[in-house]
Amino acid sequence: MDSALQTDRILIIDFGSQVTQLIARRIRESGVYCEIHPFQRVTTESVRAFRPRGVILSGGPASAHETEAPHAPEGLFTGDLGLPVLGICYGEQTMVQQMGGRVTTSDHQEFGRAVVDIIDNCALFQGVWSSGETHQVWMSHGDRVDVLPNGFRPVARTESAPFAAIANDDLKFYAVQFHPEVVHTPDGGKLLTNFTHNICGCRGTWTMSAFKDEAVQKIRDQVSDGRVICGLSGGVDSSVVAVLLHEAIGDQLQCVFVDHGLMRINEPDEVVRLFRDHFNIPLVHRDASTMFIDALEGVTDPEVKRKIIGKLFIDVFEEEAKNIGGAKFLAQGTLYPDVIESVSFTGGPSVTIKSHHNVGGLPERMNMNLVEPLRELFKDEVRALGRELNLPESFVGRHPFPGPGLAIRIPGEVTRDKLDTLRKADAIYLEEIRNAALYDAIWQAFVVLLPVQTVGVMGDARTFEHVCALRAVTSTDGMTADYYPYKHDFLGRTANRIINEVRGINRVVYDITSKPPGTIEWE
């Protein structure tokens, strides 16, 4: 977005670190807009066109001393741009190497927590760290800086990294071997804020309220008097897109809710009530549950399930869009991580994390232009925008729910009876979580109905019924996760309710697998 507020913005050049997104999150949390651009797409001219107040060079897996190592634009270091630069891990190493210093393979690698000795003061440390102190940081490197370029001085060191932090105050170039963006560097956020606010001069005026106003204007400029169709799933992303679009263009928006019959108890009614009745947004509710469930009959392979559901969704959505007629635009909830992950680090398709397309093939098939108002936001920012738009907290704060719905929480064949059983068990589980005030502490929680039946005893009679597994994880972004450490009395109470209140289940287990090696969902 090219706005007055975003003249205060930071460019992050990504060299392939797995935690580059955390840099952006930390900076945005301090009220400064930033974007991540892959190194192979960044030139001196593109930096100048972006007009940042400063540049951050991320970490990465390469070795800066190798011939084919990725580089930052030379204009950053020659004075052509005159911008402050902060190098992090590999970012420090390429800065040093490109400016005439030397990086070598270290005899002693550092991975994990480390302690740095502060040996001199600098603007990056101002008000946070002082000479003579020691502080915890997080390291992840196998190379080290051996010789500094002219004009640099060391400001922090560890036993194996004599140049754990370096500074060139005249040029406003700073670099650290550790990762300030991760929580394991407790003062890392303050160091990043020192760079963005004190060194680069950013004011911290980027707010979600400002983003909303700019997004509304941008939608109006793009759409003009055209009509927009939005596929509404009832999840956070599509809900926020729909309400934002409605605020921008009113009745030019037409939402289509394809009910595939694989949602949780009462969810379809809640979606219709919120958007049609509460927000007064034009909504087509297509109940296609019979079509979807019939198509899944006899299917057990999870990938086949996903493909069937995805294809049917596109077919039904396209059919409803044709019935509406006259729409020039298709809105979808693409988020910033989707945009970032769609870019291959090396430029080749084989290592792309995922090729993102929310409604695969629809714009091409329907000759429509895309409207993606959330493509600059992270998930937590989407929730903040939802609150800014007065969406109910029950929608804004809800746990992620997969597009294929309950179909991938029933390993094996999906049937109506299994769906009914799973819905009842899942509702009890979520109710107990809310009663225990744990919902907001958990990233995602759900029940899986296993393709296993076991013997039980109920009322002196033998039973032979299903096993269900409870799943609950903590996470910040869904990329990694750990199981939630419930107390045993919670698990016992929940299992007792499910077994007594849900006909067809006689045994409950709890999944304590982390991600990796497991995934959050079972299929």
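Structural data are supplied above this passage.
My aim in this report is to walk through the structure given alongside it, one point at a time. Chains are numbered independently. Their residues run from 1 in the order of the written sequence. Where local features are concerned, this predicted model is filtered to residues with pLDDT of at least 70; where side-chain atom pairs are given and counted, the filter is 80 or more; whole-chain, interface and lining totals use all residues. Working from all heavy atoms in the structure, the side-chain values ignore hydrogens and water.

**Description of the pairing of strand E3 (residues 54–57)**
Then comes step 1: Where burial is concerned, the two faces of E3 agree: the one with Gly-54 and Ile-56 and the one with Val-55 and Leu-57 are both buried.
Then comes step 2: The pairing criterion for strands is at least two bridges between them, as found by DSSP. Each helix is a run of DSSP H or I of at least 4 residues and each strand a run of E of at least 2, with the numbering of both proceeding from the N terminus. Two elements, E3 and strand E4 (residues 85–88), share 3 bridges in a ladder whose sense is parallel. Residue pairing in the sheet places Leu-57 in a bridge with Gly-87 of E4. Three labels apply to residues, based on accessible area from a 1.4 Å probe with only protein chains included: buried if under 20% of the type maximum, exposed if over 50%, partly exposed otherwise in between.

**Some details on the packing of aromatic side chains**
Then comes step 1: Think of it this way: a Phe, Tyr or Trp ring, Trp meaning its six-membered ring, pairs with another when their centres are within 6.5 Å, and the plane angle makes it stacked under 30 degrees, edge-to-face over 60, tilted otherwise. If you walk through the whole model with that rule in mind, you get 15 aromatic pairs.
Then comes step 2: Measuring from ring centre to ring centre gives 5.2 Å for Phe-15 and Tyr-90, while their planes differ by 55 degrees; the resulting arrangement is tilted. Taken together, the positions of Phe-15 in the loop between strand E1 (9–14) and helix H1 (20–29) and Tyr-90 in helix H4 (residues 90–98) put the pair 75 residues apart, joining distant regions of the chain. Across the pair, Tyr-90 and Phe-15 agree in class, each one buried.
Then comes step 3: With a centroid separation of 5.3 Å and an interplanar angle of 55 degrees, the aromatic rings of Tyr-486 and Tyr-510 are classed as tilted.

**Considering unusual backbone geometry**
Then comes step 1: A cis geometry characterises the amide bond from Lys-515 onward to Pro-516, with omega recorded as -15 degrees.
Then comes step 2: Following the sequence through the fold, Pro-516 ends up in the segment after strand E18 (505–510).
Then comes step 3: Look at Cys-89: it is not a glycine, yet its phi comes out positive at around 55 degrees.
Then comes step 4: Looking at the element boundaries, Cys-89 is found in the loop between E4 and H4.
Then comes step 5: Under the relative-accessibility criterion, Cys-89 is labelled buried at 4%.
Then comes step 6: We note that Asn-390 has phi near 65 degrees; this positive angle belongs to a residue other than glycine.
Then comes step 7: Of note, Asn-390 is situated in the loop between helix H13 (379–388) and helix H14 (393–396).
Then comes step 8: Take Asn-390: its relative accessible area is 60%, and that puts it in the exposed class.

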